[in-house]
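In case you want the letters, here they are:
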Amino acid sequence: MIELSHVSLKYDRQTSALEDVNLSVDEGEFVFIVGPSGAGKSSIIKLLLREKVASSGIVTVDGVNVGRLKQRQIPQYRRKLGVVFQDFRLIPNMTVYDNVAFSMRVTDAANKVIRNRVPYILNLMGLEKKAKRFPHEISGGEQQRVALARALVNDPPIIIADEPTGNIDPELSYEIVELLEGINACGTTVLMVTHEHEMVHHFGGRIITIEHGTIARDEVLKKGGARG
Ligand code: ADP
Ligand code: ADP
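Described in the following lines is the structure provided in the data block. Sequence order as written defines the numbering, with residues in each chain counted from 1. For naming, the first written chain is A and the first written ligand is 1, with later ones following in the order written. For this predicted model, a pLDDT threshold of at least 70 governs which residues receive local features, and a threshold of 80 or more governs which side-chain atom pairs are given and counted, while totals over whole chains, interfaces and linings are taken from all residues. Heavy atoms from the whole structure form the basis of all side-chain values; hydrogens and water molecules are not counted.

Our next topic: the site of ligand 1. Note on definitions. A residue lies near a molecule or strand when any single heavy atom of the residue is within 4 Å of it. The immediate surroundings of ligand 1 are formed by Y11, T15, A17, P36, S37, G38, A39, G40, K41, S42 and S43. Any pair of N or O atoms that falls within 3.5 Å is considered a polar contact. Within protein, one atom must be able to donate a hydrogen and the other to accept it, and sequence-neighbouring residues count only if both atoms are side-chain atoms. In the environment of ligand 1, an oxygen atom lies 2.6 Å from a nitrogen or oxygen atom belonging to the side chain of S42. Residue S43 places a side-chain N or O atom 2.6 Å away from an oxygen atom belonging to ligand 1. Grouping the amino acids of the shell around ligand 1 by side-chain chemistry returns 4 nonpolar, 6 polar and 1 charged. Classification used: nonpolar for Ala, Val, Leu, Ile, Met, Phe, Trp, Tyr, Cys and Pro, charged for Asp, Glu, Lys and Arg, polar for all others including Gly.

Here is the structure:
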């Protein structure tokens, strides 16, 4: 589903953010990406979103050679990816309902489909009572669930979460990962970047450690942290 083959990324002559990275994620996998600040985690996400193009190597997502996309093909391509950012990026002057509905409106979804789908997703995220609130009127944990609802509403094959728990309480972080696990159980591929080692060990699964722009470890841990 996601493949990086001999991928390097240089921001300038001095800064090599990624160096000869080889990485393959199958459809339906749940993968944590961990590593220290500056290791190259965000650079991988930027390549997947086609915010950056690899200096060398090939990035393939759901059969698409991402680096080869033409500008006009990029919006359509990005619909494959539901993205949750650390800072939520909700639209402040839109209600919870409209924040989620907006993601569907930009894909030209029919109104009837939107009116069915948005309440369904808000319900799934436990946000049905918050539909008419504005982002500043709900808690951080709820804002994060709105961000997740928005990433999910178009039913993308892949969810990318970039430090989604960085701005919320630790207990709520676990809740978000549990929601992502539920989504993954329904077949969606999930890639989650985090620096919260304790949480990663709690959940276990496939953990890819990035250090100095390369893959330092790619391992499977059992729930609780034992090596599987
Ligand atoms: P992480 O997400 O793991 O913290 P990044 O992918 O953001 O790491 O950064 C990897 C390396 O690339 C770091 O050395 C960082 O300083 C550098 N870098 C990131 N973004 C830029 C940029 N826009 N211009 C120059 N260097 C950058
Ligand atoms: P959570 O534990 O779900 O993050 P909190 O304990 O922070 O929620 O808040 C409890 C309730 O108070 C929430 O249902 C939320 O809607 C409401 N609430 C929280 N912050 C605000 C706010 N700034 N304005 C209005 N309502 C709020």
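Right, let's get into the sheet that holds strand β4 (residues 56–61). The pairing criterion for strands is at least two bridges between them, as found by DSSP. Numbering goes from the N terminus for both helices and strands, where a helix is a DSSP run of H or I of at least four residues and a strand is a run of E of at least two. Strand order across the open sheet formed by 4 strands is β2-β1-β4-β5, with antiparallel pairing between neighbours. At either end of the open sheet lies a strand with only one pairing partner, and these are β2 (16–25) and β5 (64–65). Across 2 bridges, β4 lies against β5 in antiparallel orientation. Paired with V61 across the bridge in β5 is V64. Two residues form a contact once any of their heavy atoms are found within 4.5 Å. For every element, the axis is a line fit to its C-alpha atoms; helices are fit only across the contacting stretch, and the angle between N-to-C directions ranges from 0 to 180 degrees. Helix α1 (residues 41–48) contacts β1 (2–10), β2 and β4 of the sheet and is inclined by roughly 115° relative to β1.

This next bit is on the site of ligand 2. Taken together, K130, R133, H136, E137, I138, S139, G141, E142, R145 and L172 make up the full set of residues near ligand 2. Within the backbone of E137, a nitrogen or oxygen atom sits 2.8 Å from a nitrogen atom of ligand 2. E142 places a polar side-chain atom, nitrogen or oxygen, 2.8 Å from an oxygen atom of ligand 2. Working definition of accessibility: Shrake-Rupley area with a 1.4 Å probe, residue cover restricted to the visible protein chains. Protein burial of ligand 2: of its 550 Å² of free accessible surface, 43% is covered by the chains. The greatest single-element share of the shell around ligand 2, amounting to 3 residues, is contributed by helix α5 (residues 140–152). By residue class, the composition of the shell around ligand 2 is 2 nonpolar, 3 polar and 5 charged.

Another point: the packing of aromatic side chains. Pairing of aromatic rings covers Phe, Tyr and the six-membered ring of Trp, with a centre-to-centre limit of 6.5 Å; geometry is then stacked below 30 degrees between planes, edge-to-face above 60, and tilted otherwise. One pass over the structure, following the stated rule, counts 2 aromatic pairs. Between the aromatic rings of Y174 and F203, the centroid separation amounts to 5.6 Å while the plane-to-plane angle is 35°, which identifies the pairing as tilted. Highlighted residues: Y174 in helix α6 (residues 170–185) and F203 in helix α7 (residues 197–203), separated in sequence by 29 residues. Here the term buried applies to any residue with accessible area under 20% of the maximum for its type, exposed to any over 50%, and partly exposed to those in between, with areas from a 1.4 Å probe on protein chains only. For Y174, a relative accessible area of 23% corresponds to the partly exposed category. In this scheme, the term charge over a ring applies when either NZ of a lysine or CZ of an arginine sits within 6 Å of the ring centre and within 35 degrees of the ring normal. When the ring centre of F85 is taken as origin, the NZ or CZ atom of R89, which lies over that ring, is 3.7 Å away.

A word on the nonpolar core. What makes a nonpolar core is a set of buried Ala, Val, Leu, Ile, Met, Phe, Trp, Tyr and Cys residues whose side-chain atoms join them at distances within 4.5 Å. Ranked by size, the top nonpolar core spans 39 residues in total, and within it F32, L122, L148 and L180 carry the most contacts. Elements represented by at least two residues in this core include exactly β3 (30–34), α3 (96–105), α4 (111–124), α5, β7 (158–162), α6, β8 (189–193) and α7. With 6 residues, the single largest contributor to this core is α5. Here F32 is in contact with V177, M192, T194, V200, F203, G204, R206, I207 and I208, once residues within four sequence places are set aside. Listed in part, the 32 residues of the second largest apolar core include L9, A39, A54 and Y77.

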